[in-house]
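# Inside the fold
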Amino acid sequence: MLEGAFALLEALSRREDGAGVTELALACGVPKASVHRLLDQLISLGAVERHGARYRLGARLYRIGQAWQPHPGLREAARLPLHRLRAATGASVVLTVLHEDRALTVSSVPGVLEPVLPVRNGSGFPLDTAAGRALRGPSRPGPVLDREEVRAGVCCAALPVRAADGSVVAALAALVPAPGPAGSAPAGQPLDRLAQGVAQAGAAITRRLARTPHRPSALSRGLLR
């Protein structure tokens, strides 16, 4: 029963406009009768909401998810620097952590790439992206740059975010459109200038983390294994 319920929640997490019973049954390989029963139970718990014939994730599930901390104080420390970086550059900005062999987005601020490349909390990037390479620890100092190497039309600058002991706890990445014709700003901004903004934001997050009192537990370490 739990496996089926989580399959439904996973399917709904990929559908911002919701999904119907038949669509969910096909996506999860669960009989429609079971889907109906599980959805009714999830609605009673506040994990799912019904809108007409369609279902969406519920507010209670969102509140529970927001309590997850990949590293103590990380998301709060990053909140203001991410918004300042977005305001200064127009970039879509993401903070990612290493989770299950992917760069998992834990905080994001949409920018000029919407809706071409939406950034959303909970979405993942492969480890061969700039964010993924920054998470694994760059082979040399400085930012990790991606000039349309992963996706045509998209450039990225990323840097690791380090805890007070120097360990990499996250990666900060800013994504912008690739340079186009003259006058197509902000797409035309040099990537090295974007990297400077990322470096300043990353340093601000690191300073804020250093001021956050915490005692790392075995659980918090295990989340980033």
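Just above, that's the structure.
Structure report, in brief.

The rules behind each value
- Residue numbers run consecutively from 1 along every chain, following the written order of its sequence.
- Residues qualify for local features only when their pLDDT is at least 70, as the model is predicted, and side-chain atom pairs are given and counted only at 80 or more; totals for whole chains, interfaces and linings, by contrast, use all residues.
- Values reported for side chains reflect all heavy atoms of the structure, with hydrogen atoms and water molecules removed beforehand.
- Note on terminology: a nonpolar core comprises buried Ala, Val, Leu, Ile, Met, Phe, Trp, Tyr and Cys residues joined through side-chain atoms within 4.5 Å.
- Relative accessibility thresholds used throughout: buried, under 20% of the residue-type maximum; exposed, over 50%; partly exposed, between the two (1.4 Å probe, protein chains only).
- Elements are defined by DSSP. Helices are runs of H or I of four residues or more, strands are runs of E of two residues or more, and each kind is numbered from the N terminus.
- Contacts are assigned to residue pairs with any non-hydrogen atoms lying within 4.5 Å of each other.

### Remarks on the nonpolar core
L74, L82, L95, V161, L172 and I205 are the most contacted members of the largest nonpolar core, which has 30 residues in total. For this core, the elements supplying multiple residues, two or more each, are α5 (74–89), β3 (92–99), β4 (102–109), β7 (154–162), β8 (168–177) and α7 (191–210). At seven residues, the largest contribution of residues to this core is made by α7. Ignoring anything within four residues of it in the chain, the contact list for I205 reads L74, A77, A78, P81, L82, L95, V161 and L172.

### Some points on unusual backbone geometry
For residues besides glycine, phi is generally negative; the peptide bonds are generally trans as well. Despite not being glycine, D101 shows a phi value in the positive range, around 60°. The residue D101 is located in the loop between β3 and β4 in this model. You can call D101 exposed: its relative accessible area is 65%. Positive phi, normally seen in glycine, also occurs at E148, with a value near 60°. Residue placement: E148 occurs in the loop between β6 (144–147) and β7. E148 gets classed as partly exposed once you look at its relative accessible area, which sits at 39%.

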